[in-house]
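For reference, the chains in residue letters:
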Amino acid sequence: MTDRFSLLQETIFREIQNAENVEKAVFTLRDGYSLGHVTYHLAQTIKGDLHIDSPFVRTTYPPEWIAIYLTRSYVTVDPVIKEGMRRSLPFDWSELEPTEEAMKMMVEFHAQGMGEFGYSIPITDKVGRRALLSVNSKPGERNWTKVVQSFRPDWMDLAHVLHKKAIIELFGDEDPVPILSPRELETLHWSAQGKDYKEISAIIGISEHTVRTYMRSARYKLNCANMSQAVAKALKLNLIDL
């Protein structure tokens, strides 16, 4: 059984990689594992606080449900989204404790013919962007726990494949968010606070020369001509806060 599941994952992996875009990829995942629906939600295209900014969503849900969801602003009460953007570990929807407003949403969700069960996988990449892959059972599913136990490792791996595909679709090969070290971010933060090299050196407890080295490397990674531009760009990308 393990070999069969591994072969299935390898097949879906290749099909997702070869899919024209993320929208087609979520349908590939749904059909490959005989699921009710699949949704990929990149809630933060740039690192920042836990709020939903510039959402990039691709789903297999029918247009009728999507229209209801958007018209009634269900994203503001959706317990899957709220928990998914806070948690770091995968969770079954049965673990959620929805509010009264969320319960109304779920009643309508089921009334639209959607399955009762679901499982979500939070994703946080190296630059802090948060995304969520959610899979939903078919209506009348009776073996959901067994399905999750069997395929959860597959879904966790494929979630990151989908995430990488989404980033490429959004930004191409030139991802605008470079990977900065904690020290580079720290020096940029204090520079944004108006501190000079000497003051930053005293705050962090490293030499002024080392501060200059970190800030220079951060500037290069951000592709900026001077530190003022580097700090402004880091703030714009939500890599640092004021």
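Refer to the structure printed above.
Residues numbered from 1 in each chain as written. Predicted model: local features only at pLDDT ≥ 70, side-chain atom pairs only at ≥ 80, totals over all residues. Heavy atoms only, no water.

*Asks:* For this particular structure, what's the right way to read the packing of helix α7 (residues 182–192) against helix α9 (residues 208–221)?
*Replies:* Describing two packed helices takes the angle between their axes plus the distance from one axis to the other. At their nearest, the axes of α7 and α9 sit 9 Å apart, and the two run at 95° to each other. Classified by the angle their axes make, α7 and α9 are roughly perpendicular. When α7 is examined against α9, the residues Arg-183, Glu-184, Thr-187, Leu-188 and Ser-191 are found in contact with a partner set consisting of Val-211, Tyr-214, Met-215, Ser-217, Ala-218 and Lys-221. Among the residues forming the contact of α7 with α9, the class breakdown is five nonpolar, three polar and three charged. (Axes fitted to C-alpha atoms, helices over the stretch in contact; angles between N-to-C directions. Helix = DSSP H or I, 4+ residues; strand = E, 2+ residues; numbered from the N terminus. Parallel < 35°, antiparallel > 145°, perpendicular 65-115°, else oblique. Contact = heavy atoms within 4.5 Å. Nonpolar A, V, L, I, M, F, W, Y, C, P; charged D, E, K, R; others polar.)

*Asks:* I tried to follow the sheet that holds strand β5 (residues 130–136) on my own but got confused; where do I start?
*Replies:* Strand pairing in a sheet relies on backbone hydrogen bonds. The paired strands run either parallel or antiparallel. Taken together, five strands build an open sheet; the order of strands is β2-β1-β5-β4-β3 and the sheet is antiparallel. On the outer flanks of this sheet lie β2 (56–59) and β3 (91–92), each paired with one strand and no other. Pairing between strand β4 (residues 118–124) and β5: seven bridges, direction antiparallel. By the bridge assignment, Ile-121 is partnered in β5 with Leu-133. Strands in contact with helix α6 (residues 144–171) are β1 (37–42), β2, β3, β4 and β5; relative to β4, the strand with the most contacts, it is inclined by about 40°. (Pairing = 2+ DSSP bridges.)

*Asks:* Would you mind showing me how to read the packing of helix α2 (residues 22–32) against α6 here?
*Replies:* Two elements in contact, α2 and α6, have axes whose closest approach is 10 Å; the angle formed by their N-to-C orientations is 165°. The orientation of α2 relative to α6 falls into the category roughly antiparallel. Considering only the axes of α2 and α6, their crossing is right-handed. Note on element contacts: α6 touches α2 through Trp-155, Leu-158, Leu-162, Lys-165, Ala-166 and Glu-169, opposite Val-22, Ala-25, Val-26 and Leu-29. Of the residues contributing to the contact of α2 with α6, the split by class is eight nonpolar, no polar and two charged. (Left-handed = near helix turned anticlockwise from the far one by under 90°.)

*Asks:* Any chance you could explain the packing of aromatic side chains here in plain terms?
*Replies:* Two numbers describe a pair of aromatic rings. These are the distance of the centres and the angle of the planes. Overall, the coordinates contain 12 aromatic pairs when judged by the stated rule. A centroid spacing of 6.1 Å and a plane angle of 25° characterise the contact between Trp-65 and Tyr-74, whose relative ring orientation is stacked. Accessibility expressed as a relative area gives 10% for Tyr-74, which makes it buried. Between Tyr-69 and Tyr-74 the ring centres are 6.3 Å apart and the planes differ by 65°, which places this aromatic pair in the edge-to-face class. (Phe/Tyr/Trp six-rings, centres within 6.5 Å; stacked < 30°, edge-to-face > 60°. Buried < 20%, exposed > 50% of the residue type's maximum accessible area, 1.4 Å probe, protein only.)

*Asks:* In this structure, what is going on with the nonpolar core? I would like to understand it.
*Replies:* A general feature of soluble globular proteins is that nonpolar side chains tend to end up buried together. Leu-29, Tyr-40, Trp-155 and Leu-162 are the most contacted members of the largest nonpolar core, which has 30 residues in total. At the level of secondary structure, the elements contributing two or more residues to this core comprise α1 (2–18), α2, β1, β4, β5 and α6. Of all the elements, α6 adds the most residues to this core, at 11 residues. For Tyr-40, the contacting residues outside a window of four places in its chain are Val-22, Val-26, Phe-56, Val-57, Arg-58, Ile-123, Ala-131, Leu-132, Leu-133, Leu-162, His-163 and Ala-166. One finds Leu-180, Ile-200, Ala-218 and Val-231 within the second-largest nonpolar core, a separate group that totals 21 residues. (Core = buried A, V, L, I, M, F, W, Y, C linked by side-chain atoms within 4.5 Å.)

*Asks:* Whenever I open this one, the pattern of salt bridges confuses me. Can you help?
*Replies:* A side chain of one charge can pair with a side chain of the opposite charge when the charged atoms of the two come close. Scanning the entire structure with this criterion turns up 10 salt bridges. Residue Arg-30 pairs with Asp-31 through a salt bridge whose shortest N-O separation is 2.9 Å. With a relative accessible area of 47%, Asp-31 lands in the partly exposed category. Residue Glu-208 is joined to Arg-212 by a salt bridge in which the shortest nitrogen-to-oxygen separation is 3.4 Å. On the criterion of helical spacing, the pair formed by Glu-208 and Arg-212 is a turn pair, its members being four residues apart in helix α9. Within the structure, one salt-bridge network assembled from shared partners comprises Glu-83, Arg-87 and Glu-95. (Salt bridge = Lys/Arg side-chain N within 4 Å of Asp/Glu carboxyl O.)

*Asks:* How should α7 be read in this particular structure?
*Replies:* Side chains three or four residues apart in an α-helix point the same way, a direct result of the helix having 3.6 residues per turn. All buried positions along α7 are accounted for by Glu-184, Leu-185, Thr-187, Leu-188, Ser-191 and Ala-192. Viewed end-on, α7 has its buried residues packed into an arc of 165°, placing them on one side of the element. Looking at the buried positions of α7, the neighbouring elements they touch are α8 (197–204), α9 and α10 (227–236). Among the residues trailing α7, Gly-194 stands out with phi positive, at a value near 90°. (Arc of directions from axis to C-beta.)

Honestly, that's just the spatial picture; any functional story needs more than this.
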